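Residue-level listing of the chains:
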Amino acid sequence: MSDEVVKDYDLTPEEGIAGKYISTYVDENGLLKKIDIHDDDDFNFGFDVVDVLAEKCPDKTAMMHISKEGRERRITFADMKNYSNKTANYFHYLGIRKGDKVLLVLKRHYQFWFALVALHKIGAVAVPCSFLLTKKDFEYRLKTGKINAVVCTADGEVSDEMDKAAKNYMGLRAKMLVGGSKEGWSNFNRDVRFFSSQFKRPANVSCGDDTALMFFTSGTTSYPKMAAHSHKYPLGHYVTAKYWHQVDSQGIHFTISDTGWGKALWGKIYGQWLSEAAVFTYDYDEFFAKEILALMEKYRITTFCAPPTVFRMLVHVDMRKFDLSHLKNVSTAGEALNPEVYEKFYRMTGLKIMEGFGQTETTLVAANLKGMEPKPGSMGKPNPLYDMHLLNDKGQDAHVGETGEICISIKDGKPRGLFQGYYLDDEKTAAVVRDGYYHTGDTAFMDEDGYLWYVGRGDDIIKSAGFRVGPFEIENEIMKLPYVMECAVTSVPDKVRGQAIKASIVLTKGSEATEKLKKETMKYLKSNLASYKRPKFVDFVESLPKTSSGKIRRAEIKAKDWEDNKK
């Protein structure tokens, strides 16, 4: 949605292998204005990207992988073709066929990439999943996804929890363990070596509009849904990598993400390899900011993407002690980034964080793309891939400054990157795909320059004393306090206002949660926020509940407070 008229520009094929499928118009200032994805009805990422790159540049680095023990593996595109073929033959031997659903619970193990590409080649459906789940979570996922096979990490108790869940589910035909041996499981690392590195493209190859991938949504307010994507989904991430991450084909891109959630597919394979850029993966168990910065220095990372939670940690380290001169672009998504964090990072590095927005159901919907000057706190402008609208309560385009729901028009068909629907759940699909739009459930407003500003999830909006208040603007003010690491603003019951505002605050290391500090915080907020936006309650907490993808679960905080009020 923009006042700017996009003309019928002549589109130019992109460079490299992407040019076969993607044409764009970039204006004289380097800004992406229009994109066309075409000739992709037979597209299969495994054959048409990985194998093509293996022929074009076999010795080029596809991924630099660092294990938690510090072992370094440089995996070339030729390696990726050979080992994905071995894995495809191995899976086929174990009975995995086209259309089967395979759960991948693999942390940041390099075998995830072999397995994902192999499943694309076979035509089976990859279902990435977090390793942090327990028996109950796995039971739900096995039954909801009608899962046929599991590839699981041997680390910790993950496979034990999977075994407990599988006792009540009879649909598994194969279980593969990565990094160890266990009764009842095939040993992936040992067995895959014995299979051929040749795997011919099937005559009935799964491609185009066939389902290739399913993600479980974060489930912040209900049980996770399964968002299904076709083989065309990777092409939708070309903008993500080329124009938002701004990857360099001769550089190396680092996205911090567990392979169990969608961000890994945004930043660790699809768009990056379509741009012929290498990716960097560190298979750590626990995040340490200084350790990450040291790796970025050592491996000369050129582009970097991480959730806001990571940037909140990084700005509390003296980054000037690390040589980050090779770093050319940084970006973030997952939830809104506080302007205070943006400013601190800029002061220490000279780099402006390019914020973006998208969902499990989409690719990048809006962002600060290449050539744009970011505004701190804004998620940028709509991605030309999508016809995005902000719709108000009347279903009309919102005016400048008016809050509306972020929606994507599907009146002319679904754009590349938008999900096919929720697997086996027509009711939930119809609830968000209606009236010619996909409704994201997220709200924002647009300023006079066309920049979008996040307000919050529809169910995060606080209605207090007749006012509608978005939590993010209050959180931004709280984040300016030097002793605040992160925070969440939610509603609590109030007999007079209906809802009052509560701030849950995690303090920085060394800060003490005293009554005096709480009073100072309340005094600061009284001086810097309008009366109807001021939190009535401030709680200092050890941590905030988060999804496996790192998003703060405001709904969980709110639900507990409202339930406690009933007692």
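The coordinates are above.
Chains are numbered independently. Their residues run from 1 in the order of the written sequence. The model is predicted, so local features are restricted to residues of pLDDT at least 70 and side-chain atom pairs to those at 80 or more, both for listing and for counting; the totals for chains, interfaces and linings are taken over all residues. Values shown for side chains rest on all heavy atoms present in the structure; no hydrogens or waters enter the calculation.

## Quick word on the nonpolar core
What counts, and what does not: Nonpolar core, defined: a set of buried Ala, Val, Leu, Ile, Met, Phe, Trp, Tyr and Cys residues in which side-chain atoms within 4.5 Å join the residues together. For every residue, the accessible area (1.4 Å probe, protein chains only) is compared with the maximum for its type, and the residue is labelled buried under 20%, exposed over 50%, or partly exposed between those bounds. Put simply, DSSP H or I for four residues or longer makes a helix, DSSP E for two residues or longer makes a strand, and each gets a number counted from the N terminus. A contact between two residues is defined here by any heavy atoms of the two lying within 4.5 Å.
Membership of the largest hydrophobic core comes to 99 residues, with the highest contact counts inside it found for Phe-91, Leu-265 and Trp-273. No other element matches the 9 residues that helix H3 (residues 111-122) contributes to this core. Filtering out sequence-adjacent residues up to four positions away, Trp-273 remains in contact with Ile-17, Phe-45, Val-49, Val-50, Leu-53, Ala-62, Phe-77, Met-80, Trp-113 and Val-279. Core analysis: the second largest hydrophobic core is formed by 55 residues, Ile-301, Val-310, Cys-487 and Ile-501 among them.

## So, empty space enclosed by the protein
Where empty space is left can be seen by rolling a probe of water-molecule size over the atoms. So the rule is basically this: Grid points spaced at 1 Å over the protein atoms alone were grouped into cavities, where a 1.4 Å probe fits but cannot get out, and pockets, open sets with protein on both sides within 12 Å along at least five of seven lines, with lining residues defined by an atom within 4 Å of a point. Grid points are joined across faces, edges and corners, and a volume is the space filled by probe spheres set on the points. Only Asp, Glu, Lys and Arg are considered charged, only Ala, Val, Leu, Ile, Met, Phe, Trp, Tyr, Cys and Pro nonpolar, and every remaining residue, Gly among them, polar.
Following the criterion strictly, the structure yields 3 cavities of 30 Å³ or more and no others. If you add up the space inside the largest cavity, you get close to 50 Å³. Lining of the largest cavity is provided by Arg-312, Glu-335, Ala-336, Asn-338, Phe-472, Glu-475, Met-479, Glu-486, Cys-487, Ile-552 and Arg-554. Considering only residue class, the lining of the largest cavity consists of 5 nonpolar, 1 polar and 5 charged. Taken as a whole, the second largest cavity spans an internal volume of roughly 40 Å³. In terms of lining residues, the second largest cavity is bounded by Arg-312, Val-315, His-316, Glu-340, Val-341, Lys-344, Met-479, Val-484 and Met-485. If you list the elements that add at least two residues to the lining of the second largest cavity, you get helix H13 (339-349) and strand E28 (484-494).

## So, helix H8 (residues 238-245)
Taken across its 8 residues, H8 has 7 buried, putting it largely inside the fold. Of all the positions in H8, only Tyr-238, Val-239, Thr-240, Ala-241, Tyr-243, Trp-244 and His-245 are classed as buried. Within two residues after H8, Gln-246 carries a phi angle of roughly 60°, on the positive side.

## Remarks on the packing of aromatic side chains
How we decide: Two rings from Phe, Tyr or Trp (for Trp, the six-membered ring) form a pair when their centres are within 6.5 Å of each other. A pair whose planes differ by under 30 degrees is stacked, one over 60 is edge-to-face, and the rest are tilted. Geometrically, a charge over a ring is one whose NZ (Lys) or CZ (Arg) sits within 6 Å of the ring centre while staying within 35 degrees of the ring normal.
Applying the stated rule across the entire model yields 29 aromatic pairs. With 6.4 Å between their ring centres and 55° between their planes, Tyr-140 and Phe-216 make a pair best called tilted. Here the residue Tyr-140 occupies a position in helix H4 (residues 135-145), and Phe-216 occupies one in strand E11 (residues 211-216), the gap between them amounting to 76 residues. On the basis of relative accessibility, which here comes to 24%, the residue Tyr-140 falls in the partly exposed class. Classification of Phe-216 as buried rests on a relative accessible area of 12%. Three or more aromatic residues joined by ring pairs form one cluster here, namely Phe-45, Phe-77, Phe-215, Tyr-233, Tyr-270 and Trp-273. Arg-141 extends its terminal NZ or CZ atom over the ring of Phe-216, reaching a point 4.9 Å from the ring centre.

## Observations concerning the sheet that holds strand E30 (residues 537-540)
Filter applied, for reference: Here, a strand pair is defined by DSSP locating no fewer than two bridges between the strands. With axes taken as lines fitted to C-alpha atoms, and helix axes fitted only over the stretch in contact, angles between N-to-C directions fall between 0 and 180 degrees.
The 3 strands lie next to each other as E28-E29-E30, forming an open sheet whose pairing is mixed. The open sheet has two free edges, formed respectively by E28 and E30, since each of these has just one partner strand. This sheet shows a mean twist of 25° between the axes of neighbouring strands, independent of strand direction. Bridging between E28 and strand E29 (residues 498-507) involves 10 bridges; their strand directions are antiparallel. Bridge pairing in E29 places Val-489 opposite Ala-503. In the packing of helix H15 (residues 471-478) onto the sheet, the strands contacted are E28 and E29, and the crossing angle to E28 comes to about 135°. Across the face of the sheet, helix H16 (residues 515-528) comes into contact with E29 and E30 while running at roughly 135° to E30.

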